[in-house]
Amino acid sequence: MIKLSKLSKEAIHAIIEDSLAFASGKRLRSKEPIFVANLFFENSTRTVVSFEMAERKLGLEVVPFSVQGSSLNKGESLRDTVKTLESLGLDLLVIRHPDDNYFHDLQDLDLSIVNAGDGTGHHPSQGLLDLVTIKQEFGSFEGLTVGIVGDVKHSRVANSDADALRRLGAKVHFSGPEDWFDQGAMMNGTYRNFDHLIPEVDVLILLRIQHERHSSKHPMASQEYLTKYGLTRSRMEMMKSGAIIMHPGPVNRGVEIESDLVECDKSRIFKQIENGVYTRMAILKHELEGRGFEFVPWE
Ligand code: ASP
């Protein structure tokens, strides 16, 4: 799975249903040994640990791989490394890489690739876990208004979320610093003033400032960002009573969101993390079943 736009609506719904079944305690394991490895070329806490939790919960054989200790440090290309792992008998690789579309020349290989984030491109497992969290809360996507706010231009999460949410029937609006919003890249999404948007949303998705992708080291002071574009208590009080707050993490407390609100009643930020494990189990199952592997109940 490299991007959500390649998944049919039916496949997205099937993955959401499987995730919800795992969330309510369904336990499956692979019928035969399946070998997987996680290749992370960028920092990660949530994504790498939740993929590994998901793999172990499904009874997969997780082969340790450290980018730092690998021949990539001797100049081997990503394709040669992936081909080597294919020759060694790996069935599936989870890869995060700073280059957009790093998977471009890996797709002819005979092993599954699950994209755990490519540069500013896509983050399909985050997109799906966000859908699972929204479905759990509202039961459907039709007619929901979703606001995606922050560093839209540099966010692979914004790309994946917006694409899938629109296809499933939600209305998606964007806000944040206007010059961090790229109309074309966002499939002609609408840019809205944050204070006007906030009372309309059912779901507010806040994005981290992607400092590592900005050319200037300090794109905006934290306090200025919080005042202009962050979720302050007074903005939170303008939200509908049933509306929820999400953030893919890592959260910069006091920048994208006032620190006290991270764990407030409306926040589903830690629920997203929990759902990440179930969703990644469903993604791995979907990919591996597509390659003919079977899953059976744990005895
Ligand atoms: N964890 C998300 C990602 O890897 C969001 C972020 O880092 O801001 O894209």
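Novice: Honestly, the site of the ligand in this entry has me stumped. Any pointers?
Specialist: The full set of residues close to the ligand is Arg 96, His 123, Arg 156, Val 157, Arg 208, Gln 210, Pro 248, Gly 249 and Pro 250. At 2.8 Å from an oxygen atom of the ligand is found a side-chain nitrogen or oxygen belonging to Gln 210. Out of a free accessible area of 260 Å², the ligand has 93% covered by protein chains. Looking at the shell around the ligand residue by residue, the class counts come to three nonpolar, three polar and three charged.

Novice: I'm lost on the packing of aromatic side chains in this one. Help?
Specialist: By convention here, two paired aromatic rings are described through the distance between centres and the angle between planes. Enumeration according to the criterion identifies five aromatic pairs in this entry. For the ring pair Phe 181 and Tyr 191, a centre distance of 5.5 Å and an interplane angle of 45° mean the geometry is tilted. In this pair, Phe 181 is assigned in the loop between strand 7 (171-175) and strand 8 (190-191) and Tyr 191 in strand 8, connecting sequence segments ten residues apart. Residue classification places Phe 181 among the buried positions, given a relative accessible area of 11%. You can call Tyr 191 partly exposed: its relative accessible area is 24%. Relative to Tyr 229, the ring of Tyr 225 has its centre 5.6 Å away and its plane inclined at 50°; by these criteria the two rings are tilted. Residue Tyr 225 and its partner Tyr 229 are both found in helix 7 (residues 222-229); the two are separated by four residues, about one turn of the helix. Each member of the aromatic cluster is reached from another via a ring pair, and the members are Phe 174, Phe 181 and Tyr 191. Against the face of Trp 298 rests Arg 29, its NZ or CZ located 5.9 Å from the ring centre.

Novice: Honestly, the sheet that holds strand 10 (residues 244-246) in this entry has me stumped. Any pointers?
Specialist: In spatial order, the strands read 8-7-6-9-10; together these five strands make up an open sheet with parallel pairing. Unpaired on one side and paired on the other, strand 8 and strand 10 mark the two borders of the sheet. For strand 6 (residues 145-149) and strand 7, the ladder comprises five bridges, and the chain directions are parallel. Residue pairing in the sheet places Ile 148 in a bridge with Phe 174 of strand 7. Where helix 4 (residues 124-138) meets the sheet, it contacts strand 9 (203-206) and strand 10, and its direction lies at approximately 170° from that of strand 10.

Novice: Explain the sheet that holds strand 3 (residues 61-62) here, please?
Specialist: Spatial ordering of the open sheet is given by 3-2-4-5, a layout of four strands whose pairing is parallel. The sheet is open, and its two borders are formed by strand 3 and strand 5 (112-118), each paired with just one other strand. Taken together, the five bridges between strand 4 (residues 92-97) and strand 5 define a ladder with parallel strand orientation. Each bridged residue has a counterpart across the sheet, and for Leu 93 the counterpart in strand 5 is Ile 113.

So, how was this worked out
Residues numbered from 1 in each chain as written. Predicted model: local features only at pLDDT ≥ 70, side-chain atom pairs only at ≥ 80, totals over all residues. Heavy atoms only, no water. Near = heavy atom within 4 Å. Polar contact = N/O pair within 3.5 Å; in protein donor to acceptor, adjacent residues only side chain to side chain. Areas by Shrake-Rupley, 256 points an atom, 1.4 Å probe, with all protein chains shown as cover. Nonpolar A, V, L, I, M, F, W, Y, C, P; charged D, E, K, R; others polar. Phe/Tyr/Trp six-rings, centres within 6.5 Å; stacked < 30°, edge-to-face > 60°. Helix = DSSP H or I, 4+ residues; strand = E, 2+ residues; numbered from the N terminus. Buried < 20%, exposed > 50% of the residue type's maximum accessible area, 1.4 Å probe, protein only. Lys NZ or Arg CZ within 6 Å of the ring centre and 35° of its normal. Pairing = 2+ DSSP bridges. Contact = heavy atoms within 4.5 Å. Axes fitted to C-alpha atoms, helices over the stretch in contact; angles between N-to-C directions.

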